[in-house]
Amino acid sequence: MTFTDDLKKENEDIFQMIFDHPFVQGIGKGELPKEAVEHYIKADFEFLNAFIQVYSLALSKSVNREDMAYFHEQIQFTLYDEVKPHLNFSEYIGVRFEDLQGHPLPPSGDHYIKHMLYHANMGTLAETLGALLPCPWTYLEIGQKLINKYQPTKEHPFYKWMHFYAESGKETEEMRKRLDVLAANSPVDEQNRIKDAFRKSCQLELAFWEMSLTCETWSGELAVIK
Ligand SMILES: Cc1ncc(C[n+]2csc(CCO)c2C)c(N)n1
């Protein structure tokens, strides 16, 4: 068992709760409230901006060219390829993607990006990867399991979304490989911080789906500053 095999086993409960979440199941069924999808895209555009910033902090902690090239590639991927699933969702709600950008993150999304930024700013490269890994891993599993369960055809409204993530296994594999090497050389207290960062990111992935479905907002009248 590798370190990341253990992480997956310890967090199987949250992976299952994510797959069972009504927003995720709604993707598989091809039926989702348009307001919830709009809430998701607005938040996720900002989430990806933060993800790119976290990758760049990880790049700054890299000590060899291979890791630098890896984070550079992942920044490119997030900037240009991750737009495709957003476009699929935007088409479904009939709103231009450009009109869904620049909105402040709701509380759970805000919590998630600050959690990642905390580990990237205060922790080691391994800790940063621990906080990042649930993002590609939970989406890979969602894509694969939804396709398996619902067998979508090309006419399914979220066919592209599901295939994009089901075929993103390389991202998860590469990140796992790096974390496994780093964690094997980490002291126990650092391994515990990696485990904590990973579990909280899994829980915040779940919270992100719930935030979208319930159109979560900040309380009170005062507008939130982005
Ligand atoms: C809340 C949330 N979690 C995960 C993803 C998917 N995702 C975002 S960046 C990335 C890895 C790129 O290297 C992946 C798989 C998302 N869109 N939104």
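As the structure is a computational prediction, the values presented were derived from the model and not from experiment. (Residues numbered from 1 in each chain as written. Predicted model: local features only at pLDDT ≥ 70, side-chain atom pairs only at ≥ 80, totals over all residues. Heavy atoms only, no water.)

Draft legend 1. Region of the structure containing the overall build of the chain. Along the chain, the regular secondary structure elements total 12 helices and zero strands. Written out in order from the N terminus, the α and β elements of the chain read α-α-α-α-α-α-α-α-α-α-α-α. Taken over C-alpha atoms, the radius of gyration comes to 17 Å for the chain, in line with the 17 Å a tight globule of 226 residues would show. In terms of principal-axis extent, the alpha carbons of the chain reach across some 50 × 45 × 30 Å. Here the chain holds 226 residues, and the buried ones make up 52% of them. Of all intrachain contacts in the chain linking residues separated by at least 6 positions in sequence, the fraction that spans at least 24 positions is 83%. (Helix = DSSP H or I, 4+ residues; strand = E, 2+ residues; numbered from the N terminus. Rg over C-alpha atoms; globule rule 2.2 N^0.38 Å. Buried < 20%, exposed > 50% of the residue type's maximum accessible area, 1.4 Å probe, protein only. Contact = heavy atoms within 4.5 Å.)

Draft legend 2. A look at the nonpolar core. Counting 66 residues, the largest nonpolar core has Ile27, Trp161 and Trp209 as its most contacted members. At 13 residues, the largest contribution of residues to this core is made by helix H4 (residues 34–61). (Core = buried A, V, L, I, M, F, W, Y, C linked by side-chain atoms within 4.5 Å.)

Draft legend 3. Quick peek at the UniProt feature "domain: Thiaminase-2/PQQC" (unreviewed entry) in the chain. When the UniProt feature table is mapped to this numbering, "domain: Thiaminase-2/PQQC" (unreviewed entry) covers residues 12–213. Helix makes up 81% of residues 12–213 and strand 0%, with an end-to-end C-alpha separation of 22 Å. (UniProt positions renumbered as here; feature names shortened; annotations may be inferred.)

Draft legend 4. Spotlight on the packing of aromatic side chains. In this structure the tally under the stated criterion is 25 aromatic pairs. Ring centres 5.4 Å apart and planes at 80° place the aromatic pair Tyr40 and Phe89 in the edge-to-face group. With a gap of 49 residues between them, Tyr40 in helix H4 and Phe89 in helix H6 (residues 83–93) connect regions that are remote in the sequence. The aromatic ring of Phe15 is capped on one face by Lys8, whose charged end is 4.5 Å from the ring centroid. Here Arg178 stacks its cationic end above the ring of Tyr70, 4.0 Å away from the centre of that ring. (Phe/Tyr/Trp six-rings, centres within 6.5 Å; stacked < 30°, edge-to-face > 60°. Lys NZ or Arg CZ within 6 Å of the ring centre and 35° of its normal.)

Draft legend 5. Structural context of unusual backbone geometry. Look at Gln151: it is not a glycine, yet its phi comes out positive at around 45°. With respect to the helices and strands, the residue Gln151 is situated in the loop between helix H9 (134–150) and helix H10 (159–166). Relative accessible area serves as the criterion here: at 56%, Gln151 is assigned to the exposed category.

Draft legend 6. Focus on the packing of helix H3 (residues 22–29) against helix H12 (residues 188–213). Look at H3 against H12: their axes get within 8 Å of each other, and the N-to-C directions meet at 75°. Between H3 and H12, the crossing angle belongs to the class labelled roughly perpendicular. Residues Pro22, Phe23, Val24 and Ile27 of H3 pack against Trp209, Ser212 and Leu213 of H12. (Axes fitted to C-alpha atoms, helices over the stretch in contact; angles between N-to-C directions. Parallel < 35°, antiparallel > 145°, perpendicular 65-115°, else oblique.)

Draft legend 7. Main features of the side chain of Ser168. In this fold, Ser168 is placed in the loop between H10 and helix H11 (169–184). Polar contacts involving the side chain of Ser168 include one to the main-chain carbonyl oxygen of Tyr165, which spans 2.7 Å. (Polar contact = N/O pair within 3.5 Å; in protein donor to acceptor, adjacent residues only side chain to side chain.)

Draft legend 8. Main features of H9. For H9, with 17 residues, the first-to-last C-alpha span of 23 Å sits near the 24 Å given by 1.5 Å per residue. Within H9, 12 of the 17 residues are buried, leaving the element largely enclosed by the surrounding structure. Looking only at H9, the buried set comprises Pro134, Cys135, Pro136, Trp137, Thr138, Tyr139, Leu140, Glu141, Ile142, Gly143, Leu146 and Ile147. Positive backbone phi, approximately 45°, marks Gln151, located one or two places after H9. (Expected span 1.5 Å × (residues − 1).)

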